Amino acid sequence: MRQRAQHAEGGGRSAAAAGGPDHDAGPFVPDTRDLGELRRAASSCRGCPLHEDATQTVFGAGPRRAPVVLVGEQPGDREDRAGEPFVGPAGVLLRRALGEAGLDESSVYFTNAVKHFKFTVPEGGKRRIHKAPSLREMTACRPWLVAELAAVRPRLVVALGATAGRALLGGPFRLGDHRGTLESLPGADGPDGRPGLPEAQVLVTVHPSAVLRAPDRDAAYRGLVADLRVAVRALAGTQRARPRGQG
């Protein structure tokens, strides 16, 4: 295994928090397509300040040759404690929706655009409240997602929510402009000059946590299942991606 760059000792909090050159996970990502090696390297990632308060890195999980990769935003409280993606209430709902859509979860690799839990604790409280990662934090963590996709090489990637969609397709990004429609992942160099992604189709839908928060949860859940059925048809070859740039 060849390491792309060696992180200097003592970089730590100040450089990352100040937005210096360490605000980038790239130097921590080994040049390998072995998911085990990637997971071990990710456990010591210091590519952005989020590692300081999180319990641990939450890397992806699933078959190394899964035909489908599901990408969420970031781990939640339960995922942060367990070290596994999608084990909390949103993950339970997502697995139920996968089954109803006809997508076997044993063929799915689960991961997130950001690998550390970002949260806030209200004054006088103890409960950790989810806080959305910033564009900068998402961009800093993107090399891990690129490496995972290069290792798994799925036929289809499902972006769960706007953060995942932006990480995969670039910005500016509006979920409503992409939801439920198959597209192709960006080409060799990726959007905005960032590292490219392997050839695959991508489908954008809502994050399951948005379903849990929806005023009409049943309708939101039906919408999620309908989008996942597009993924099933894509895998069966009965529905194909539109060329990028076409509305």
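This one's a predicted model, so the numbers in the text were calculated from it and none came from an experiment. (Residues numbered from 1 in each chain as written. Predicted model: local features only at pLDDT ≥ 70, side-chain atom pairs only at ≥ 80, totals over all residues. Heavy atoms only, no water.)

Trainee: I tried to follow the overall build of the protein chain on my own but got confused; where do I start?
Mentor: When helices and strands are counted, the protein chain shows nine helices and nine strands. Contacts in the protein chain between residues far apart in sequence, at least 24 positions, make up 73% of those at least 6 positions apart. (Helix = DSSP H or I, 4+ residues; strand = E, 2+ residues; numbered from the N terminus. Contact = heavy atoms within 4.5 Å.)

Trainee: Can you walk me through unusual backbone geometry in this structure?
Mentor: Across residues other than glycine, the phi torsion is negative in most instances, and most of the peptide bonds are trans. Of note in this structure, Phe86 is not a glycine but carries a positive phi near 55°. We note that Arg153 has phi near 50°; this positive angle belongs to a residue other than glycine. On the secondary structure map, Arg153 appears in the loop between helix H5 (135-152) and strand S7 (156-160).

Trainee: What am I meant to see in the sheet that holds strand S8 (residues 182-184) here?
Mentor: Think of a sheet as strands paired side by side through backbone hydrogen bonds, with each pair either parallel or antiparallel. Strands sit in the order S4-S3-S7-S9-S8 across an open sheet of five strands; the sheet is mixed. With partners counted over all chains shown, the strands left at the sheet margins are strand S4 (108-112) and S8, one partner each. Neighbour-to-neighbour, the strand axes of the sheet open up by a mean angle of 25°, direction not taken into account. Here three bridges tie S8 to strand S9 (residues 201-205), and the two strands are oriented antiparallel to one another. Bridging across to S9, Leu182 finds its partner in Leu203. Relative to the sheet, helix H9 (residues 217-236) contacts strand S3 (68-72), S7, S8 and S9, its axis offset from that of S9 by approximately 170°. (Pairing = 2+ DSSP bridges. Axes fitted to C-alpha atoms, helices over the stretch in contact; angles between N-to-C directions.)

Trainee: Can you walk me through the confidence of the model for the protein chain in this structure?
Mentor: Any residue range with low pLDDT should be treated as having predicted coordinates unsuitable for detailed reading. Of the residues in the protein chain, 83% have a pLDDT of 70 or more, and the chain-wide mean is 87. In this model residues 1-20 is a low-confidence stretch, pLDDT under 50, and it forms 28 contacts with partners more than four residues away in sequence or in other chains. Low pLDDT (under 50) marks residues 190-194, which in the prediction has 15 contacts with non-local residues, meaning those over four places away or in another chain. (pLDDT = per-residue confidence, 0-100.)

Trainee: Got a minute to help me understand the packing of H5 against helix H6 (residues 162-169) in this structure?
Mentor: Packed helix pairs are characterised by how far apart their axes lie and by the angle those axes make with each other. With their axes 10 Å apart at the nearest point, H5 and H6 run at an angle of 65° to one another. The orientation of H5 relative to H6 falls into the category roughly perpendicular. Crossing hand, H5 versus H6: right-handed. Contacts between H5 and H6 involve Leu135, Met138, Arg142, Leu145 and Leu149 from the first element and Thr163, Arg166, Ala167 and Leu168 from the second. (Parallel < 35°, antiparallel > 145°, perpendicular 65-115°, else oblique. Left-handed = near helix turned anticlockwise from the far one by under 90°.)

Trainee: Would you mind showing me how to read the environment of Thr163 here?
Mentor: Structurally, the position occupied by Thr163 is in helix H6. With relative accessibility at 11%, the residue Thr163 sits in the buried group. For Thr163 and Ala113, which are 50 residues apart along the polypeptide, the C-alpha to C-alpha distance reads 7.2 Å. Contacts of Thr163, omitting those with residues within four sequence positions, involve Glu73, Ala113, Pro133 and Met138. (Buried < 20%, exposed > 50% of the residue type's maximum accessible area, 1.4 Å probe, protein only.)

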